[in-house]
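# Tertiary structure, described
Listed below, chain by chain, are the residues.
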Amino acid sequence: MAMTRAQVWVAAVATLAIFSYVWRENPAFRLAEYVFVALATANGVVMVFDSYLKPFFLVDIKQDGQFLLLVPFAVGLLIYARNLRGLGWLSRLPMSLWVGYGAGYVLAWSPQPLFIQLRDTFVHFYQVYPDGPLAGRFWLGGTVNNILFFAGVTTTLMYFFFTVERRGPVMRWSAAFGRWTIMLALGAAFGTAVQGRMSLLIGRIQFLLGTWLGWLK
Amino acid sequence: MAREIPATITVLAVLVVVFSRYFAVGAALDLTRVTDRWLMLTYAASVFVGVINLTRLHLDRLRRGKDTRSYDLVLLFVMYGYMALGFAQTNAGVTFRWVYNAVLVPLDSTMYSLLAFYIASASFRAFRVRSFEAALMMVAAALVMIGSVPLGDALSPAFPAARAWLMRVAQTAGFRGIQIGAGLGGLATAFRIFLGIERAHLRA
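Given the structure is predicted, the values throughout are model-derived calculations rather than measurements.

Attention shifts here to the overall build of chain A. Across its full length, chain A carries seven helices and zero strands. The N-to-C order of helical and strand elements in chain A reads α-α-α-α-α-α-α. The C-alpha radius of gyration computed for chain A amounts to 28 Å, which surpasses the reference 17 Å derived for 217 residues by more than 25%, pointing to a less compact arrangement than a globule. Expressed along its principal axes, the backbone C-alpha trace of chain A runs to roughly 65 × 60 × 45 Å. Relative to its full complement of 217 residues, chain A shows a buried share of 29%. Within chain A, contacts between residues separated by at least 24 positions form 19% of all contacts whose residues are at least 6 apart in sequence.

So, about the packing of helix H5 (residues 111-121) of chain A against helix H10 (residues 158-194) of chain B. At a minimum axis separation of 10 Å, H5(A) and H10(B) run at an interaxial angle of 145 degrees. Seen along the crossing, H5(A) lies across H10(B) with a hand that is left-handed. Two secondary-structure elements touch here, H5(A) through A:Pro111, A:Leu114, A:Gln117, A:Leu118 and A:Thr121 and H10(B) through B:Arg176, B:Gln179, B:Ile180, B:Gly183 and B:Leu187. Split into classes, the residues belonging to the contact of H5(A) with H10(B) amount to five nonpolar, four polar and one charged.

For the rest of this paragraph, the subject is the interface of chain B and chain A. Contacts between the two partners involve 94 residues from chain B and, on the opposite side, 99 residues from chain A. Elements with a contribution of two residues or more to the side of chain B that touches chain A: helix H1 (4-22), helix H3 (31-45), helix H4 (49-64), helix H5 (69-89), helix H6 (94-113), helix H7 (115-126), helix H8 (132-148) and H10 of chain B. The element that contributes the greatest number of residues to the side of chain B that touches chain A is H10(B), accounting for 21 residues. Of the residues in the side of chain B that touches chain A, the class split is 70 nonpolar, 21 polar and three charged.

The domain architecture assigned to chain B consists of domain 1 (4-46), domain 2 (49-113) and domain 3 (115-191). Computed over C-alpha atoms, the centres of domain 1 of chain B and domain 2 of chain B are 35 Å apart.

Let us now look at the nonpolar core. Counting residues in each nonpolar core, the largest one holds 26 residues, and the members touching the most others are A:Val35, A:Ala38, A:Leu39, A:Ala42, B:Tyr82 and B:Val103. The set of elements that each furnish at least two residues to this core consists of helix H1 (5-19) and helix H2 (27-63) of chain A together with H5 and H6 of chain B. Of all the elements, H2(A) adds the most residues to this core, at nine residues. Core analysis: the second largest hydrophobic core is formed by 24 residues, A:Ile182, A:Leu184, B:Val144 and B:Phe175 among them.

Residue and element names in this part refer to chain B. Looking at chain B as a whole, the pLDDT averages 92, with 98% of positions reaching at least 70. Ranking the helices and strands of chain B by mean pLDDT puts H5 first, with 97, and H7 last, with 78. As scored by the predictor, the complex reaches a pTM of 0.87 and an ipTM of 0.88.

Reading the values: the criteria
- Residues numbered from 1 in each chain as written.
- Chains lettered and ligands numbered in written order.
- Predicted model: local features only at pLDDT ≥ 70, side-chain atom pairs only at ≥ 80, totals over all residues.
- Helix = DSSP H or I, 4+ residues; strand = E, 2+ residues; numbered from the N terminus.
- Rg over C-alpha atoms; globule rule 2.2 N^0.38 Å.
- Buried ≥ 20, exposed ≤ 12 C-beta atoms within 10 Å, placed from the backbone.
- Contact = placed C-beta atoms within 7 Å.
- Axes fitted to C-alpha atoms, helices over the stretch in contact; angles between N-to-C directions.
- Left-handed = near helix turned anticlockwise from the far one by under 90°.
- Nonpolar A, V, L, I, M, F, W, Y, C, P; charged D, E, K, R; others polar.
- Domains from an automatic or database assignment.
- Core = buried A, V, L, I, M, F, W, Y, C linked by C-beta atoms within 7 Å.
- pLDDT = per-residue confidence, 0-100.

In structure tokens, the structure reads:
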């Protein structure tokens with residue numbers, strides 16, 4: 001969405017206020033930080049109000065007369081009882097509903113994808129080239145990758161297996177291999193995270209130098 | 001009563017979802033279609049919890065005369081002002097969108113981009129190669145970063161290939177192991193909640 005000149009200036013000041021933290025903690029950063037928390041909270045409330053509460057009262061209750069829906073709404077309101085002396089325990093009612101419902105969803109829906117992942121870990125080791133001039137011939141790279149993948153998953157699980165003491169070469173070496181797999185995975189994830197942040201940083205610098213100052217064409 | 005009723009609600013909530021998933025009658029009744037909607041309404045009704053907590057925290061600070069008084073005042077004024085604007089205009093209102101695009105979006109992305117500096121300094125400290133494991137992590141991170149940018153491809157086609165291998169084999173294997181472990185842990189916790197062994201949420 002195109003920004004007006006006034007919006008660009010406000011956004012530039014806000015951006016510089018946040019970046020000023022790189023120098024050190026200062027009043028401009030602190031002000032921007034507090035404004036950010038305030039705006040983000042208010043925005044979340046307004047979004048929920050517009051998406052759920054308004055249609056609920058105007059359509060479901062007023063227009064369609066679904067008064068039974070006021071029951072779960074009232075249960076949700078009980079969460080505010082935590083601020084009332086003597087009635088604080090009432091806030092456990094919606095909390096217990098949310099926790100119970102969440103646990104129910106985990107028990108009902110998480111085993112299937114979990115076991116599909118587990119099943120798909122048992123890949124065929126022997127691999128052939130799927131296409132190209134060598135199609136159907138033994139593929140060393142694919143075979144090694146599948147062996148490493150299977151070994152990586154199983155040894156990662158063994159690394160977190162604390163029921164049996166890690167004695168003997170099999171247990172020790174498999175846990176060590178699992179640790180190396182985890183380190184490679186975390187390193188790759190870290191690299192991706194750094195790139196994501198860098199991409200945001202480049203975006204903000206492009207905004208300052210291009211959109212605001214007009215130095216970039 | 002203060003513990004028995006919430007504990008009963010927890011068990012009933014678990015049973016409703018499990019019943020409609022694993023039993024033919026439950027699936028035919030499609031109970032969760034109704035109860036999901038009810039649950040969303042309970043969430044929506046609790047939307048002001050964050051606002052109330054922030055208000056209490058900052059009013060308390062104001063009352064105690066902390067040196068952040070002026071910031072606390074700004075936070076309360078901006079939060080209630082922006083909320084009132086949103087209620088009056090809806091989230092599609094001209095002024096509401098103006099503030100959203102000019103202040104909230106830049107603050108949000110700049111706040112996250114600031115992490116680039118801290119990730120860089122954290123990685124400098126964490127990646128000082130002290131062990132074989134630290135070296136593996138550093139090499140993996142470096143290969144992923146170099147392999148993703150045009151410079152890596154220009155230096156050698158081996159960099160993008162190494163990145164692709166790391167993402168496809170090493171990262172998938174490592175995270176799948178972690179996910180399976182976490183998934184089993186989640187199932188165990190859900191069972192403990194269902195059986196009433198895990199009751200931390202009943203302490204208000």
